[in-house]
There are 2 protein chains.
Amino acid sequence: MSTFTPLPDAAHPGQAAATLPTPTLLLDAAPFERNLQRLQAAAQRHGVAVRPHAKAHKCPAVALAQVRAGAVGICVQKASEAWPFLEAGVRSVHVSNQLAGALQAGWLARWAREGRGVQLSVCVDDVRQVATLAEAAAREGLAGDQRLGVFVEIDIGQGRCGVPGADRDASAVRRLIDAIAAAPGLRWAGLQAYHGGVQHVRDAAERRASARAAADRAGSVVAALQAAGLSPAVVTGSGTGSVGFDLASGVYTEVQPGSYAFMDRDYADNEAGGDSGGAEDLRFEHALFLFSTVISTATPGQLVLDCGLKTLSAESGPPQPWPPRAGWGPVRLNDEHGVVALAADAAPPVLGEVVRLIPGHCDPTLNLHDRLVVLRDGRVVDLWPIAARGHSW
Amino acid sequence: MSTFTPLPDAAHPGQAAATLPTPTLLLDAAPFERNLQRLQAAAQRHGVAVRPHAKAHKCPAVALAQVRAGAVGICVQKASEAWPFLEAGVRSVHVSNQLAGALQAGWLARWAREGRGVQLSVCVDDVRQVATLAEAAAREGLAGDQRLGVFVEIDIGQGRCGVPGADRDASAVRRLIDAIAAAPGLRWAGLQAYHGGVQHVRDAAERRASARAAADRAGSVVAALQAAGLSPAVVTGSGTGSVGFDLASGVYTEVQPGSYAFMDRDYADNEAGGDSGGAEDLRFEHALFLFSTVISTATPGQLVLDCGLKTLSAESGPPQPWPPRAGWGPVRLNDEHGVVALAADAAPPVLGEVVRLIPGHCDPTLNLHDRLVVLRDGRVVDLWPIAARGHSW
């Protein structure tokens, strides 16, 4: 039993937003739902499947909302991240990454056996990874629909993971496909082709051209495989910054955007270029906010907020007050302080005022919080656990 | 009951370090303990109290080790952060910051009443904050030793929180002291004077001079108050980068370093200047490591690690492989990837190899993890919950 009264819950249903403790991370339900519908409608027009990236939110309730909106399943980035989503009832989970090793392969294979009708898949770019997966699948006796799906990842310009140069020579991809086909517990699921750098190209025309070039590289690999009688069932990739272009590319059969559900400041900077990533005018709305309080106004010409590096990720730039405040400089983040310089003509800062901020980068920001407070019309309607927070194995 | 086998614990006692799942955060017990002893011995020589900053670790077991080593208590940066430490038995907790509002003041006042012999304190730089604390203390009927300690924070050059310009005119400080004295549930605990910027000045001579200038400003305020018959019982401040200078300053009666227990890459960059912050040759050892696995070697001239922004904080620069690796470029962090460019003469990367990294900045890195795996002689001896992780209210 506690000696000291424990901290209260972050919020309770019916509570007004203005009375929440700060800093608190909030999801505004209406724009969030419109974002899901907007993407789904665009994807449907192109006959492309949506598999949102749950690394963006790590929140099973968000994933279930995405599935209800029409998503075929979700992506995660780590094996351990899959568990809370599987447990919550998501039936198809793709690990869009290479695994650390045999331990993680063992988890996936076991979960594939334990979940009836559950589909699990993962990426490889090396035959030794195939061997590790094959061993794990054999140990669990996976067969038929239970088999682990294995995507060959190809590098289409990012220069991170994936078989490089496959658009010029697909032989390394074919060797991987052969290795997968030779393992009874594995099935070749298709190609993964993702270019993270394209997502953040600010100029819309330039981003469109970069996305096209990346998709063309993936298309060349698909063509080479088809010529060899190896047509990939799925070509998966894309992100929020390029998804409109990629839906129309004719190459991707499945897209993996994550941030579209929330629209952080970094992706909004793309829109300032006049185009959020699509011929379809695929614009998304801000739905994720951090509420923060002014805790000090002692120094003239500035104010200090109670948010910092432990509530907002800073590596993609500062958060953005929303609506924007005239005369406010950028929010400079220390561990638990956000310092804002004020222009001479800015309104005087108000000690205790609650300020609404758009996070700079939603993925690592959500990973700092245990719960998402869901608001509708300014009132709390739910608390969603960010259950995969910290699941990086 | 779970449908899917849950994830295992991070480690079990006796486990060899090499067999841990990655990415995992580890504390090497021997250098950690030497760091605590080294600081404590230096502080004792100067008759200065040590109150380590627990925002660095958020881990009650670390705090209890610091108290056993001789610390008078701990600092935290947020009211909510205090709770796990109080519950674990830390008897003296100072919130080295301004509170967000009445809610947080209410928690502190309640805990002060609930904990027999527990001392709680907090900072102010505005009379309205004193009024909020006074109300909360009155509501709980705090009196005598239970009263909330209140430190007047003065700005000694950082330009963040604290009364500015008090070294030239201490009247605003005196008004705050008067307001505290007028509240029955509060006691004036002293001055807080902290300059975060000084901690990271790379050149040792320059850092020494900056620390001296900051301490002198604090000293001027102390002298002005003493002349008015208001001698502060405690002058608290300092950090890992300046603690050796501050111990010898004759101004501080208490120091608040946090990172000294772990020594991240950012503070180690200070030591490259030949001096870690003290006339006492106060050098600290690396005690905190992230173990990470090479997950892709597909692209020639680079390797990819399974660590990223969700396991390491990047805002103070990249993590450092330890021991350093010849021919490795900086570890560039994406959400869940760490990409390292390799020089032509670097040893070929090994898929599946486990690499030991020193975090760039320990405070926000520890805040990403739920547990600290404690190693001694390369074997796991304990798992310490990072219980205040995410406590930013």
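Each value, and the rule that gives it
- Residues numbered from 1 in each chain as written.
- Chains lettered and ligands numbered in written order.
- Predicted model: local features only at pLDDT ≥ 70, side-chain atom pairs only at ≥ 80, totals over all residues.
- Heavy atoms only, no water.
- Helix = DSSP H or I, 4+ residues; strand = E, 2+ residues; numbered from the N terminus.
- Expected span 1.5 Å × (residues − 1).
- Buried < 20%, exposed > 50% of the residue type's maximum accessible area, 1.4 Å probe, protein only.
- Arc of directions from axis to C-beta.
- Contact = heavy atoms within 4.5 Å.
- Polar contact = N/O pair within 3.5 Å; in protein donor to acceptor, adjacent residues only side chain to side chain.
- Pairing = 2+ DSSP bridges.
- Least-squares fit on C-alpha atoms with pLDDT ≥ 70 in both.
- Axes fitted to C-alpha atoms, helices over the stretch in contact; angles between N-to-C directions.
- Core = buried A, V, L, I, M, F, W, Y, C linked by side-chain atoms within 4.5 Å.
- Buried area = accessible area lost by both parts, 1.4 Å probe.
- Salt bridge = Lys/Arg side-chain N within 4 Å of Asp/Glu carboxyl O.
- Nonpolar A, V, L, I, M, F, W, Y, C, P; charged D, E, K, R; others polar.
- Parallel < 35°, antiparallel > 145°, perpendicular 65-115°, else oblique.
- Left-handed = near helix turned anticlockwise from the far one by under 90°.

The end-to-end C-alpha separation of helix α5 (residues 127-139) of chain A is 18 Å, in line with the 18 Å expected for 13 residues at 1.5 Å each. The complete set of buried residues in α5 of chain A reads Gln129, Val130, Leu133, Ala136 and Ala137 of chain A. Looking straight down α5 of chain A, one finds its buried side chains confined to an arc of 130 degrees; they lie on one side. Exposed residues on α5 of chain A whose side chains face more than 90 degrees from its buried face are Glu135, Ala138 and Arg139 of chain A. Its buried side turned inward, α5 of chain A meets α4 (102-114), β5 (119-124), β6 (148-154), α6 (171-181) and β7 (186-193) of chain A together with β10 (288-296) of chain B. Two to three positions downstream of the cap, the backbone nitrogen of arginine 128 of chain A sits 2.8 Å from a side-chain oxygen, assigning the N-cap of α5 of chain A to aspartate 126 of chain A. Phi turns positive one or two residues past the end of α5 of chain A, at glycine 141 of chain A, with a value near 65 degrees.

Looking now at the pairing of β10 of chain B. Residues and elements named next belong to chain B. For β10, the buried fraction is high: nine of the nine residues fall into the buried class. In terms of strand pairing, strand β1 (residues 24-28) meets β10 through four bridges, oriented antiparallel. Bridge pairing in β10 links leucine 26 to phenylalanine 289. Of the strand pairs in this sheet, β10 and strand β11 (residues 302-305) are connected by two bridges, and their pairing is antiparallel. Bridging across to β11, serine 296 finds its partner in valine 304. A loop of five residues connects β10 with β11, the two strands running antiparallel in sequence, and glycine 301 in this loop sits at a positive phi of about 80 degrees.

Here the second copy of the chain follows from the first by a rotation about an axis and a shift along it. Least-squares fitting of chain A to chain B yields an RMSD of 0.0 Å, with the superposition described by an axial translation of 0.0 Å and a rotation of 180 degrees. The two molecules are tied by a two-fold rotation axis, judged by turn and shift. Using C-alpha coordinates, one finds that chain A approaches the rotation axis most closely at glutamate 315 of chain A, a distance of 2.9 Å. Taken as a fraction of all interface residues of chain A, those also at the interface in chain B reach 100%, which identifies the copy contact as same-surface.

So, about the sheet that holds strand β7 (residues 186-193) of chain B. Either a parallel or an antiparallel arrangement is found when strands of a sheet pair, and the pairing is made through backbone hydrogen bonds. Residues and elements named next belong to chain B. The parallel open sheet is built from eight strands, whose spatial order is β2-β9-β8-β7-β6-β5-β4-β3. Bordering the open sheet on either side are β2 (49-50) and β3 (74-76), each of which pairs with just one other strand. Across the sheet, helix α4 (residues 102-114) is in contact with β4 (92-95), β5 (119-124) and β6 (148-154); its angle to β5 comes to roughly 155 degrees.

Grouped together as the largest cluster of nonpolar side chains are 69 residues, with contacts concentrated most on Val152, Val173 and Leu186 of chain B. Among residues more than four places away in sequence, those in contact with valine 152 of chain B are Val124, Val163, Val173, Leu176, Ile177, Ile180, Trp188, Gly190, Leu191 and Gln192 of chain B. If you look at the next biggest cluster of nonpolar residues, it comprises 68 residues, including Phe85, Trp111, Ile156 and Ala193 of chain A.

Attention now moves to unusual backbone geometry. Across the junction of tryptophan 322 of chain A and proline 323 of chain A, the peptide omega takes the value -5 degrees, indicating a cis bond. Relative to the assigned elements, proline 323 of chain A resides in the loop between β12 (320-321) and β13 (332-333). Residue threonine 22 of chain B is joined to proline 23 of chain B through a cis peptide bond whose omega torsion reads -5 degrees. Here proline 23 of chain B lies in the segment before β1. The backbone of aspartate 377 of chain A sits at a positive phi, close to 50 degrees, despite the residue not being glycine. Along the chain, the position of aspartate 377 of chain A falls in the loop between β16 (371-376) and β17 (379-385).

On to the side chain of serine 296 of chain B. Tracing the sequence through the fold places serine 296 of chain B in strand β10. Owing to a relative accessible area of 1%, serine 296 of chain B belongs among the buried residues under this scheme. There is a polar contact of 2.5 Å between the side chain of serine 296 of chain B and the side chain of aspartate 125 of chain A. Ignoring any residue separated from it by four or fewer positions in sequence, one finds serine 296 of chain B in contact with Asp125, Arg160, Cys161 and Gly162 of chain A together with Leu303, Val304 and Leu351 of chain B.

As a further point, take the side chain of glutamate 336 of chain A. Mapped onto the elements of the fold, glutamate 336 of chain A is located in the loop between β13 and β14 (338-341). A distance of 3.2 Å separates a polar atom in the side chain of glutamate 336 of chain A from a polar atom in the side chain of serine 392 of chain B. Residues contacting glutamate 336 of chain A, with those up to four places away along its chain left out, are Leu305, Asp306, Cys307, Gly308 and Lys310 of chain A together with Lys58, Gln77, Lys78, Asn97, His391 and Ser392 of chain B.

Taken together, the 77 residues of chain A in the interface contact 77 residues of chain B. Across the chain A to chain B interface the summed buried area is about 6300 Å²; carbon plus sulfur atoms make up 57%. There are six salt bridges connecting chain A and chain B. A salt bridge links lysine 78 of chain A to glutamate 336 of chain B; the nearest nitrogen and oxygen atoms lie 3.3 Å apart. Seen at the junction of chain A and chain B, the total is 42 residue pairs in polar contact (both at pLDDT 80 or more). At the level of secondary structure, the elements contributing two or more residues to the side of chain A that touches chain B comprise α3 (79-88), α4, α5, β10 (288-296), β11 (302-305) and α11 (362-366) of chain A. When the residues that make up the side of chain A that touches chain B are grouped by side-chain class, the tally is 28 nonpolar, 28 polar and 21 charged.

This brings us to helix α1 (residues 29-46) of chain A. Residue and element names in this part refer to chain A. Spanning 18 residues, α1 covers 26 Å between terminal C-alpha atoms, matching the ideal 26 Å at 1.5 Å per step. What α1 keeps buried is the set Ala29, Pro31, Phe32, Asn35, Leu36, Leu39, Gln40, Ala42 and Ala43. Here the buried face of α1 lies against β1 (24-28), β2 (49-50), α2 (60-68), α9 (243-247), β16 and β17. Looking one or two places after α1, you find glycine 47, whose phi comes out positive at around 65 degrees.

Let us look at the packing of helix α3 (residues 79-88) of chain B against α4 of chain B. Residue and element names in this part refer to chain B. For the pair α3 and α4, the least separation of the axes is 9 Å and the interaxial angle reads 25 degrees. Our classification of the angle between α3 and α4 gives roughly parallel. Between α3 and α4 lies a crossing of left-handed hand. Across the interface between the two elements, Ala79, Ser80, Ala82, Trp83 and Leu86 of α3 pack against Gln104, Trp107, Leu108 and Trp111 of α4. Its residues assigned to classes, the contact of α3 with α4 shows seven nonpolar, two polar and no charged.

Below, the discussion takes up the pattern of salt bridges. All names here are of chain B. All told, the structure shown has 42 salt bridges over all chains when counted by the stated rule. Among the ionic pairs, arginine 376 bridges to glutamate 33, the shortest N-O distance being 2.7 Å. With arginine 376 in strand β16 (residues 371-376) and glutamate 33 in helix α1 (residues 29-46), the pair connects residues that are 343 residues apart, well separated along the chain. For arginine 376, a relative accessible area of 35% puts it in the partly exposed group. A residue is classified by how much of its surface remains accessible, and glutamate 33, at 30% relative accessible area, is partly exposed. A salt bridge links arginine 110 to glutamate 140, with the nearest nitrogen and oxygen atoms 3.9 Å apart. You can see arginine 110 sitting in helix α4 and its partner glutamate 140 sitting in the loop between α5 (127-139) and β6, a full 30 residues away along the chain. With relative accessibility at 35%, the residue arginine 110 sits in the partly exposed group. Take glutamate 140: its relative accessible area is 17%, and that puts it in the buried class.

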